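Residues per chain are reported as follows:
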Amino acid sequence: MRWAGLVLPAPPRQRLTLPAPPAPPARSAFPLAATLAPVVVSIVLWMLTQSIYSLLFAVLGPVVAVGGLIDGRVGRRRASRRDRARYVAALARTADAVAAAHAVERERLWGLVPVPSASPWADARGAAVPVMVGRGALPGRMDLGGDDPDEGPDDVVRAVARVREAAATLRDAPILVDAREGIGITGPPVLAAAVARALAVQLASRLSPADVAVSAPASETWAEHLPHTVGAGEAGRYSFREGDDDPLVVAWAEGEPELPLGCGVLIFTGARLRSAPGVRVTGVRPVEVPLDVRYDAVTSAEAVTAAEVMRARATARGLRPLADRLPLQVPLSELSAGAPEPERGALTAPIGRDAEGLVIVDLVADGPHAVIAGTTGSGKSELLVSWILGMAAGRSPDDVAFLLVDFKGGSAFAPLAVLPHVLATLSDLDTRLTHRAIDSLRAELLHRERVLASAGARSIEDLAPGTLPRLVIVVDEFAAVVSSSPELHEVFGDLAARGRSLGLHLILCTQRPAGVIRDAVLANVTLRMSLRVTDRADSVAMLGSDAAARLPAEPRGRGILLRDGVPGTLQIAIARPEDAHGIAGRTPPSRIRRPWCEPLPRTIALESLPPAEHGLAFGLLDLPAEQRQPVAAYDPSAHGHLLVVGGSGAGSSTVLAALVASAVATGAPVSVVPADPADAWAVVVAETQRPAGTGRLIVLDDLDALIARFDPDYRHEFLELLTGLARRSGTAGPSLAVSVHRLTGPMTGVAGLFGSRLLLRQASREEHVLAGGDPRAFDPDLPAGAGTWRGTAVQVALPSDAERRQALAAPGVEQAPPRPVPVRMSEHRVLAVVAARPRAHLEMFRATGARIIELGDSPSPQLDELRLATGPTPTVLLGDPEAWLAEWAILASARRDWPIVLLDVTAADHRALLRDRALPPPLGPASGECWLAADGRTVRAKLAPA
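About the criteria used
Residues numbered from 1 in each chain as written. Predicted model: local features only at pLDDT ≥ 70, side-chain atom pairs only at ≥ 80, totals over all residues. Heavy atoms only, no water. Core = buried A, V, L, I, M, F, W, Y, C linked by side-chain atoms within 4.5 Å. Buried < 20%, exposed > 50% of the residue type's maximum accessible area, 1.4 Å probe, protein only. Helix = DSSP H or I, 4+ residues; strand = E, 2+ residues; numbered from the N terminus. Contact = heavy atoms within 4.5 Å. Pairing = 2+ DSSP bridges. Axes fitted to C-alpha atoms, helices over the stretch in contact; angles between N-to-C directions. Arc of directions from axis to C-beta. Salt bridge = Lys/Arg side-chain N within 4 Å of Asp/Glu carboxyl O.

**Description of the nonpolar core**
Then comes step 1: Core analysis: the largest hydrophobic core is formed by 49 residues, its most contacted members being Leu703, Phe718 and Trp884.
Then comes step 2: Broken down by element, the residue count for this core peaks at six residues, all from helix H19 (residues 712-726).
Then comes step 3: Leaving out residues up to four positions away in the same chain, Trp884 has contacts with Ala832, Val833, Val834, Leu855, Leu877, Leu878, Gly879, Ile890, Leu891, Ala894 and Leu913.
Then comes step 4: Within the second largest apolar cluster, 48 residues are counted, among which are Phe407, Ala424, Val491 and Ala496.

**Remarks on the sheet that holds strand S12 (residues 294-295)**
Then comes step 1: Spatially, three strands are ordered S4-S2-S12 in an open sheet, and the strand pairing comes out antiparallel. If you trace the sheet from one side to the other, it starts and ends with strand S4 (169-178) and S12, each paired once.
Then comes step 2: Bridge count for strand S2 (residues 130-139) against S12 is two bridges, and the pairing is antiparallel. What sits directly across from Gly134, in S12, is Tyr295.
Then comes step 3: The strands touched by helix H4 (residues 189-206) are S2 and S12; relative to S2, the strand with the most contacts, the crossing angle is about 115°.

**Quick word on helix H27 (residues 907-914)**
Then comes step 1: All of the buried residues along H27 are Ala907, His910, Leu913 and Leu914. Seen along its axis, H27 keeps its buried residues to an arc of 130°; they face one direction.
Then comes step 2: Downstream of H27 by one or two residues, Arg915 has phi in the positive range, about 55°.

**Thoughts on the sheet that holds strand S25 (residues 642-645)**
Then comes step 1: The sheet built from ten strands is open, its strands ordered S24-S23-S31-S30-S29-S25-S28-S27-S26-S32 with mixed pairing. The open sheet has two free edges, formed respectively by strand S24 (631-634) and strand S32 (813-814), since each of these has just one partner strand.
Then comes step 2: With four bridges joining them, strand S23 (residues 616-622) and strand S31 (residues 792-796) adopt antiparallel strand pairing. If you follow Asp622 over to S31, its bridge partner there is Ala793.

**Some words on the pairing of S4**
Then comes step 1: Counting buried residues in S4 gives seven out of ten residues, a clear majority hidden from the surface.
Then comes step 2: Of the strand pairs in this sheet, S2 and S4 are connected by eight bridges, and their pairing is antiparallel. Each residue of the ladder has a partner; that of Leu138, found in S4, is Leu170.

**Some thoughts on the pattern of salt bridges**
Then comes step 1: This model, assessed by the stated rule, comprises 24 salt bridges.
Then comes step 2: Of the charged contacts in the structure, one is a salt bridge between Glu105 and Arg108, with a shortest N-O distance of 2.9 Å. Residue Glu105 and its partner Arg108 are located together in helix H2 (residues 57-111), separated by three residues, close to a single helical turn.
Then comes step 3: In this structure Glu105 comes out as buried when scored by relative accessible area, which is 12%.
Then comes step 4: The class for Arg108 is partly exposed, based on a relative accessible area of 28%.
Then comes step 5: A salt bridge links Arg180 to Asp178, with the nearest nitrogen and oxygen atoms 2.7 Å apart.
Then comes step 6: Look at Asp178 and you get buried, because its relative accessible area is 1%.
Then comes step 7: The network of salt bridges with common partners includes Glu687, Arg690, Arg696 and Glu814.

**Quick word on the pairing of strand S28 (residues 735-740)**
Then comes step 1: Counting buried positions over the six residues of S28 gives six, a clear majority of the element.
Then comes step 2: In this structure, S25 lies alongside S28, joined through four bridges in parallel fashion. Bridging from a neighbouring strand, Leu642 pairs with Ala737 of S28.
Then comes step 3: By the bridge criterion, four bridges tie strand S27 (residues 697-700) to S28 in an arrangement that is parallel. Bridging across to S28, Leu697 finds its partner in Ser735.

Read these as spatial facts, not as claims about activity.
See below:
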């Protein structure tokens, strides 16, 4: 027998094993040896003793053997009874397991039977539509292993047969078939109609009245009580149709030839269910059931009762029949004409029509927030435009204002640009402005809280009209907004939690709400609407059912509104361009307070900055979350040393110029470190020797470029000097303001000395991150002077040329380095000169009229002669480093008694000649610069005329 017509796949076959039947007891052989042994022994004893009594032992063998045989038979019978009892008990447990498995399977099958009061509404597409034909026996889904007993008592054999029969048959189970195959019933007209009626009741309880229309014969008046759309059908046939799909048919007739084609399941009342002969439609699965099936039949009165139960259930769930068809299009102008006048404190707006007429939504009473879902092309943008126009109609901008966010280029809200209620339309074309505006809404919350507190009001309803407008924030493509800046999740969660009493409302629109809109927002959203979605999970997330996933693609704008937990189907209104112009023309003019600051200007004049309370003003900060742009000021006592990091053209020199100008304006002393290595060295050395307590600002521009211009021997020493200067900071100590292009190489070690950092534009994201910037905040298009100061966006002010010249010429500004010490021949009796090329300087010294003694080319002078040299003519001892090292006695005397001039020699020569490990100061590019070693130290000097 085939069971291919059962609706759902059967569960896996279960396997049980019968207990092993007890083996028959083994029969013991006659103990011949044990019987003959006593006989032999007794004969031997008689022969030895000649006593007749010894022959009595011969009788013991047979007696013991017979007794053993009797005892073995009794034991075998007892063991056989025990084994059979255990076998019967195990067999009973197997029978119980079979009965339990059948009970579970029977319960599963009964759970598939449609029940008018509880079955879930479903559509007729895709999945099987099970209905119960009747009750009967089905093949069991169980395999019994093990062997049957070959022989034994009849009761045991019959028990094994009963277990096998029970496992092979599932009795009193519902016979389920798939209604999609078409069902035909033949037999006596009254009985066939009752069976067909039972199947129709099951189909009506399974298929949603919002999707499926029913046609029934005129004689079946019970169908008029169904919640479905019911139309007149052919005699002897029920038809259930969803859209343009093929209908599900349940037909009955007295004979098989009278049934319509397409009935893949044929029911012969009083006979059997079998395949329809001659019908082989694709997908049809023939069904056969046992002869003892008991068909399910329903009277007309029972069908009316079931239909009334279904109608009550559909009403409770907000499902309306297809007979209440919605219009294909709803112009907004028609709705506005019939909408009531707006009430004060409400945000009512007509958004569409349902089966009962006009649909009006009040964002205040039904909200305060709303979420809209819908796939691409379902009409979300049209709904938002119509909804906003409906709220704006009859209200001034003092009553309601709109902030529109569209991450599809901004075109969706283009028709609303003429409305005076619209603060701005933000789009993904300017994400910086969009994010600052949304972030500013935190400050708007604080502003509204302050207004309520000053008025002693608990909510916006308690304020006088026009004090605060309700602000509706409409976001199209919410998923794109928060994916670009995940931190905005927290902003929207805060707005949703505190918006009701403050008059802030959210309308969030997205294609897939599941996983996009977080629970912190959804917990405060009671107004939900879903247009058509493609994923059942999205519909369930929005509405708690899959109704939105079953909406048709046409007409566009069909949706389901969930309000107070009750769903309703509607057709949304579509606005025309003239609707927005008409509302704008009827709205009185008004100035709306924009809840965010404009972006910082690309150029700020330093003279336009207000004075800073503390520190040196150098720009404007951007605090959109606080709706203000205060002065950016550098306070050395609070911020420590300042490091400005910016690429070429980023404005780092402008920052230092602004600081110098601000310092001059406040009377603070300033030292400007020159760009020449020798001059920079001299200034830094002078600053390290300056006494503390001056509060001086030391400005050094392009430190990394300056370090690169130093000779390798001097780079590390200069950084050490700068480090020592930085560590002298205090309340009155020097403050460093240093700029670098990038933090690489030796600059990474210097950066730790600075307590604050101003980060300007960098050439690449990698350099931006190395400088300590947030990788998400990298923007290669920042204007000059724009950057981040202590975690806040800043635009540096630009001092004018006059301000720069005035600042550098101020008395408190030092920008010229200490001059080299002049070396004049007339001031020295004996002058030791070490030159890399002595003859190149010979004429210069002769021109001074000095006495020239060349070392190495003439006999060495006597030390006593040099020590006693007097008179107006000075003596110049001239030689290269090798010659001086050769005259070690004269060199030792020179180190002790005479000034030594070193011309065009290296630091290594200085170290070898003077035995001084300290580096001499670097020399500038000017002609005649040299080192002068006198009184135990070496200074930067320059040969001067006599």
